[in-house]
Structure formats: C-alpha cells, structure tokens
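Remarks on the overall topology
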Amino acid sequence: MYVKKNPGFDTPAASEITPRDIYETRRDWLRLMAAGGAGAALAAWAQRAAHAQPPAAARPGKLAALPSQRSNVAGATTMDKPTAYDDVTGYNNFYEFGTGKEDPARLAGSLKTRPWTVAVEGEVDKPRVYAIDELLKLAPMEERIYRLRCVEGWSMVIPWQGWSLAELIKRAEPTSRAKFVEFHSLADKAQMPGVGSRVLQWPYVEGLRIDEALHPLTLLAFGLYGEVLPAQNGAPVRLVVPWKYGFKSAKSLVRIRLVEKQPATAWNVAAPQEYGFYSNVNPKVDHPRWSQASERRIGEDGLFQRKRPTAMFNGYEAQVASLYAGMDLRKFF
Amino acid sequence: MKALLHPAAKPTLFVLCLLPLALLVAGAASNTLGANPAEALIRSLGDWTLRMLCLTLAVTPLRQWTGWQALARWRRMLGLFTFFYSALHLLAYAWFDMGFYVDDIARDIAKRPFILVGFLALLLMLPLAATSFNRAIKALGAARWQALHRLVYLVAPLGVLHFFWMRAGKNNFAEVAVYAAVLGTLLGWRLLRRLKRPDRLQPQRA
C-alpha cells in the first residue's frame, strides 16, 4: 500500500504552476470582459477575483501608523507586487525639492506638515478651509494598491492610504458651473529649495475634469504602506489618479478649486506639445521624445530584462474608459 | 611639466579614464545605482562622453597657454576614451532601454531627433577612432589626417544638441549650459586663433 510520507504541504511540480504570462492574460481577459457589454455582474465578479489573492504590504515602521481598511472600490487593489518602500520613497519627482530623483528624499525634510490647511473653494455652495486633522477623519481610510506610471517610462506599485476625492467635493456642493477641478501644491521658498527655479511655474497646478475628479478611483492620499506620507511623496495630503501619468497627481495640496474653465496646468504650460491636459496613460500615443509603449517596473525589471508593455489607461480601462467615450485621445492626449 | 613626461604619466591617465566605468560597474554589481540602475548607467555614460570630449578639446588650448608641449601626448588617449564612453552609452541604451531589438532601435533613431543627433555624433567619431594609430596617420598623410580629425568640431555641437534636446521637455538646462559654455569656449578659442593667423589676413594673389 502506498503511504504518503509527507502529509503537509506538497511542493507542486513545476508543470503544475500556471505560468505568469497565462495568469496575467487571464486578468486582462477579466478586465476586458468587465469593460465590455457583460456589465456590472461580470465587473463585480472580476473585482472579487482581484480580491482573491491580495498582495501583502508590510508597514516599514519609519513614520506614524495610518490604519486603513481594504477598499471596495472596483479596481482599487491591483494584484501586482508592491514596489519596495525604499524605492517608493527614494526615487521621486517633486521639483519643489529639485529636479534629481534623489533630491526630494534628501531635501524634503524641511517641509513642515503641521499645521496644514486645505482650502476647498471656487464654484461651490459651501467653501471651507479644512485643517489636516479634520481631513484625516473626514471619511474612513482605505488601502488602495495602485499602479503608478510616470510619463518618463518607469512604473511602481504603491499601497496608498486615503479616500475618494469625491467625498470632499460632494461636501462642498459644487454649483452647476463647476466643470473642472484645480489642484494647487504648496510653493514656499523657505521650505522648498526648488521653488524659484524656472523649470516650472509655481505654485504647481494640476487639474481634472469634474467627472474625472468624482471618479471613485481618484484618491486623496494621506499615507502609503500603512504610514503617513513621507514628505518626498507629497505629505501631508496629495492626489492620486492611477490611470493618468504620475505628474497629474499633485503633491502637498493646499488648495482645491472648482472652476468653470479648463485650468492652465504646470506641465501643460511649460511644454504643451509634450504634456497634454488629459495625460491618460496611453501606449499608443508616444511622447515626442520617447515611446510610451513600454515601461520599466522599478525594482522588478532588472537591468537585462526587456521593459514590460504599458496597458491602456494604466490597466484601469474597465473602470475609466467610459469617461472618454467619443473623444479622440490623440488630440486630447 | 616634468611629471607629464614621466613614464608613469600615460598609464596613470589611462587608469584615471577607466575609473568612472569601474565605479559604474561596481555600482551596478552592488546595486547601489539607485532605484533605476538602467537609467543611471545610460545617463552617466553620456555624461562621461561629454566630459571626455571637453578634456580632449582642452588639450591644445592648454598646451599653448601653459607651454607644456608634453600635453600633446595625451590627446589621442582622451579622444579614444571619448569614443569609448560614447560607444558604451549607445550600447547601454540599446541593451537596457531597447532590449537589443534592432527594429525598435531603428524606429527610435528615425523618429526622435535627439536620438538621431546623438547617433550621428557617434558615427562621426568612428573614422576618427579608426584612424587613431600611427600607421593610419602615415598612410593618410598628416594634412589629410588632420582635416579628417576636424570632424570633432562637428561632434562637439551635436553632442551638446543631443543633451539639450533630451532635457528640453523639462526646461532643465543648468547642466547643458555648463557643457555648452565649456565646449563653446574651446571651439571659440580655435576660431579666434585661426582668424588671427597672419596668413589669413594677407590679401589673396590673383
């Protein structure tokens, strides 16, 4: 009689492990189904599938804890492996602290994040200035694991803490004239050595159309990896719009303004032919100086590995494609 | 001056010129090139190409200024290191950025002016590197050899243009300005000297 010697965990044979490209295609297929006519039922099912195997994001214990619940928003938790905390916090574009990737981590220590206020104003019935502590308690903190794709051709996967920006906008009661939302970052020369350089206009301004701003995936983030945001990542509060290039997600916000006209945004003003207002992640629309068809995942794609293909809307097509129905995304890039 | 003629001077320079590469290789091996080592390697090799180019073009003005004729013994090695670092810069781009896909590289060169200009600068350095040994000088004749090697006066502005265009989208020209100023001064000095040469000032005989 055959007696199994090891009743515990059996190492599966290599032939039994689903190859990476197959299981990834399966997720693409799920997304595609959810995006298509199959409707909400399939989308919900795809979402459950995405929740089936959540990646773990351990708290590094470097900053104050910011507890959160896993988000139920569709598409809010990617299964991609999160990028190492040290890479997320050590490789940043934050021109207020210099143009080098290591500058923000080196120089952002001078940023004072308390006291801090965020003004919500413009075309709203209830304008208000919020203290940062009020914002932290405004809605339940959620964990969202988003892919971040930089326009420069690299990407990361970041576990954020925050809540949907819609929570804040709805409380301000926008008027019928509110068509766009403008985001202003802090621009204080005393704390930010890069302000005063002529690389960009200051303060850094970004903008979204109101429906983009109200999309549940649009996140107001207060933390990452279960802790409050490090200064170099946009402390104490920033925007995260996962289907757009990273520069659309303004950091260290002090003002959120609802307006009637499309805002003049920092990068669009600096180089309109290179950085459009929409700047949706789109592998088919190249940057004038490089292809956007592929990207390098920081910390994961080694030196000798070919870059991975970039997904339309950074892989959030199922959730956001409808926002751009009928638009020519080459013209409105 | 005496130190320049010391038998150890040339090997020392050779080792110094290899030092940046050694540091980059060590950095890549020990994973200390930051979060994006591919980008760090490609950019550093480009930086070192421009630095070597500045050094190469500085030899003649420096020699005239200081009167240290022995500096001339360094020019060829510095020029070859310029080519060496530019070739490694291209190799790193083709490998780490393009995965050695020739089609993609060809398309990238055709589509993007800043890549094309960089590629052109490297191509122009090829005949210079290929004729850098003594027998080539003899075979070509000194005058023709020298005329050929004036191609470097094209390589320098193309190299700066390549760097300028690469940075143009981000309006971040501080470093570009440094190289432009140094290379502009070195080329400007040659132009001035040529204009001042007496044989140029004499009227041509009919």
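Just above sits the structure.
To keep things clear, this report deals only with the structure shown in the data block. (Residues numbered from 1 in each chain as written. Chains lettered and ligands numbered in written order. Predicted model: local features only at pLDDT ≥ 70, side-chain atom pairs only at ≥ 80, totals over all residues. Heavy atoms only, no water.)

A word on the pattern of salt bridges. Side-chain pairing between opposite charges can occur once the charged atoms of the two side chains come close. All told, the structure shown has 33 salt bridges over all chains when counted by the stated rule. In this structure, the salt-bridge partner of A:Lys244 is A:Glu212, at a minimum N-O distance of 2.8 Å. Within this pair, whereas A:Lys244 is found in the loop between β10 (238–240) and β11 (253–259), its partner A:Glu212 is found in helix α7 (residues 210–214), the two being separated by 32 residues in sequence. Note that B:Asp97 and A:Arg296 form a salt bridge whose closest N and O atoms lie 3.9 Å from each other. Within this pair, whereas B:Asp97 is found in helix α4 (residues 72–97), its partner A:Arg296 is found in strand β12 (residues 294–297), the two belonging to separate chains. For B:Asp97, a relative accessible area of 26% gives the class partly exposed. (Salt bridge = Lys/Arg side-chain N within 4 Å of Asp/Glu carboxyl O. Helix = DSSP H or I, 4+ residues; strand = E, 2+ residues; numbered from the N terminus. Buried < 20%, exposed > 50% of the residue type's maximum accessible area, 1.4 Å probe, protein only.)

A word on helix α9 (residues 152–168) of chain B. Residues and elements named next belong to chain B. With 17 residues, α9 extends 24 Å between its outermost C-alpha atoms, agreeing within 8% with the 24 Å of an ideal straight helix rising 1.5 Å per residue. The complete set of buried residues in α9 reads Val 152, Val 155, Ala 156, Leu 158, Gly 159, Val 160, His 162, Phe 163 and Arg 167. Packed against the buried residues of α9 are α3 (37–66), α4, α6 (113–130), α8 (142–149) and α10 (174–196). (Expected span 1.5 Å × (residues − 1). Contact = heavy atoms within 4.5 Å.)

On to the sheet that holds strand β7 (residues 205–209) of chain A. Residues and elements named next belong to chain A. Taken together, five strands build an open sheet; the order of strands is β3-β2-β11-β6-β7 and the sheet is mixed. With partners counted over all chains shown, the strands left at the sheet margins are β3 (128–131) and β7, one partner each. The average undirected angle you get between the axes of adjacent strands in this sheet is 15°. Bridge analysis of strand β6 (residues 180–185) against β7 gives five bridges, and the strand direction is antiparallel. Bridging from a neighbouring strand, Phe 183 pairs with Glu 206 of β7. On the sheet, helix α6 (residues 165–172) packs against β2 (117–122), β3, β6 and β11 and is oriented at approximately 60° with respect to β11. (Pairing = 2+ DSSP bridges. Axes fitted to C-alpha atoms, helices over the stretch in contact; angles between N-to-C directions.)

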